[in-house]
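Overview (structure and organization)
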Amino acid sequence: MAKLHLITYGCQMNEYDSERVAGLLREHAYELTADESEADVILLNTCAIREKAEEKVFSKLGELRRLKTARPDVVVGVMGCMAVLQNATVFRRAPQVDLVFGSAAIARVPELVARAREGRRHLLETAEAPLVKITARPPGVRPLKAFVTVMEGCEKHCTFCVVPRTRGRERSHPPAAILAEVRGLVADGCREVTLLGQTVNAYGRDLTPPTDLAELLARVSEVPGLARIRFTTSNPYNLTPRLVRAMADVPKVCEYFHLPLQSGSNAVLARMNRGYTRERYLELVAALRDAVPAMAFSTDLIVGFPGETEDDFAATLEMVERVGYDNVFSFRYSRRPGTPAASMPDQVPDAVKAERHARLLAVVQRVTAARSARLAGRTVEVLIDGASRKDPGALSGRTRCNRVVNVDGGGRAGVGDVVDVQVTEVLPHSLRGVLVPTPEEAVCSSR
Ligand code: SF4
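Worth saying up front: this structure is predicted, and the values here are computed from it rather than measured. (Residues numbered from 1 in each chain as written. Predicted model: local features only at pLDDT ≥ 70, side-chain atom pairs only at ≥ 80, totals over all residues.)

What surrounds the ligand is the set Cys154, Lys156, His157, Cys158, Cys161, Val163, Pro164, Gln198, Thr199 and Asn235. Class assignment for the residues of the shell around the ligand results in five nonpolar, four polar and one charged. (Near = placed C-beta within 6 Å. Nonpolar A, V, L, I, M, F, W, Y, C, P; charged D, E, K, R; others polar.)

This is the structure in structure tokens:
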């Protein structure tokens, strides 16, 4: 068998795409290797969300130049968002690259790799292509938890974002294809799926007949053997009352909502072209908590967007306190060439961004710690997914609100089980707990 080495940068969508590439090439007699020096094909799945991510790729390509000089028959390819945005730059700065392709061409990866191995140089495939549901996975992968792409692309045009250019317009996979993929995963032992889309709550409006995420959640939930459903990433603009109701009505959907806010200032939100205000966002949070009181929220925040004043930043801090997030992913604004925000006036100096980011992290730490503290003494449902990293004798899993819990299984629980755990200790990044006896065990021990 020929050998494939895959290097993945960036988001969950990229992780998922890499799995598909490995699965498709497996069907053409390629096996994965962790050792790039023995690979016949090396593919870098890239991210373009920040300049740093791109520089990492060029630095890796620089390292691979030596390997390519020693073994010219090795195919080096660049795929993903940077491949679409920077294809000319990739070939100019790294002429040793043989192949550049976007996510729309993933279904054709065996053919593209074959052409590159036949000696075709500088192959470029970055145009939009028909949407294909690829369910191939690498061999031996029988995941307990899996990502399932339900739609591709985004049409929101936030002024800081390159995704609409790299992943194209919104296109949803038909429910039947998604259900078939979920059933196949569950047959292989999967207990939890995360439905993926750049704007996952816009799912289905492009289909004939149109459908929506609420309907899809209900149908996925009917798959026997599946324990949990998550989904990401939602846009507040597309959050409908039907989806709020589904969060309460579909029992397998976890009480965890990733709802990117980006900024707490209405002026900044307008410049970002996000399509909602802080007031609307708070209404949505209130509606979700009304429907599901235990709902945990996570969010994305950008610090130092062009024109962000001290008052704008204070509004973001205030939103973190008001919403009471369980988790926050925060980033300093980074100019992306070709986006409207890159040429906006009043770019915020790096030192100011760094100082604000440090202040934000301090508030986030306090708020998330307070949310964790509320779990002390409570009984939580945990899906056991492996051994504890720090104590191999203990088991580890996640709550429905996505917290890591380490628990002594005492031989009574194993990987894949959904168990009740009483939280005995709240640590900065995890919880500790003890198994709650099942009713049968309680009866036994009382005799
Ligand atoms: S909704 Fe998300 S993916 Fe779409 S443009 Fe905005 S930030 Fe980018």
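Let's shift gears to the pairing of strand E17 (residues 404-408). Put simply, side chains in a regular strand alternate between the two faces of the sheet. Taken together, the four bridges between strand E16 (residues 395-399) and E17 define a ladder with antiparallel strand orientation. Bridging across to E17, Arg398 finds its partner in Val404. The antiparallel hairpin formed by E16 and E17 contains four residues in its connecting segment, where Asn402 sits at a positive phi of about 75 degrees. (Pairing = 2+ DSSP bridges. Helix = DSSP H or I, 4+ residues; strand = E, 2+ residues; numbered from the N terminus.)

Right, let's talk about the sheet that holds strand E14 (residues 327-332) for a bit. Ordered in space as E12-E13-E14, the three strands form an open sheet in which the pairing is parallel. Strand pairing shows two members of the sheet lacking a second neighbour, strand E12 (256-258) and E14, which therefore form its edges. Averaged over all adjacent pairs, the angle separating strand axes in this sheet is 15 degrees, with direction ignored. Pairing analysis gives three bridges linking E12 to strand E13 (residues 296-303), with the strands arranged parallel. When the bridges of E13 are listed, Phe257 appears paired with Phe297. Of the strands in this sheet, E13 and E14 touch helix H13 (residues 350-373), which is tilted by about 180 degrees from E14. (Axes fitted to C-alpha atoms, helices over the stretch in contact; angles between N-to-C directions. Contact = placed C-beta atoms within 7 Å.)

The biggest cluster of nonpolar side chains holds 102 residues, and the ones touching the most others in it are Val150 and Val193. Considering every element that reaches this core, the biggest residue donor is helix H1 (residues 12-26), with six residues. Counting only domains with at least three residues in this core, you end up with domain 1 (2-125) and domain 2 (145-373). Discounting residues that sit within four places of it in the chain, Val150 has contacts with Ser172, His173, Ile178, Leu195, Leu196, Gly197, Val200, Tyr203 and Leu216. (Core = buried A, V, L, I, M, F, W, Y, C linked by C-beta atoms within 7 Å. Buried ≥ 20, exposed ≤ 12 C-beta atoms within 10 Å, placed from the backbone. Domains from an automatic or database assignment.)

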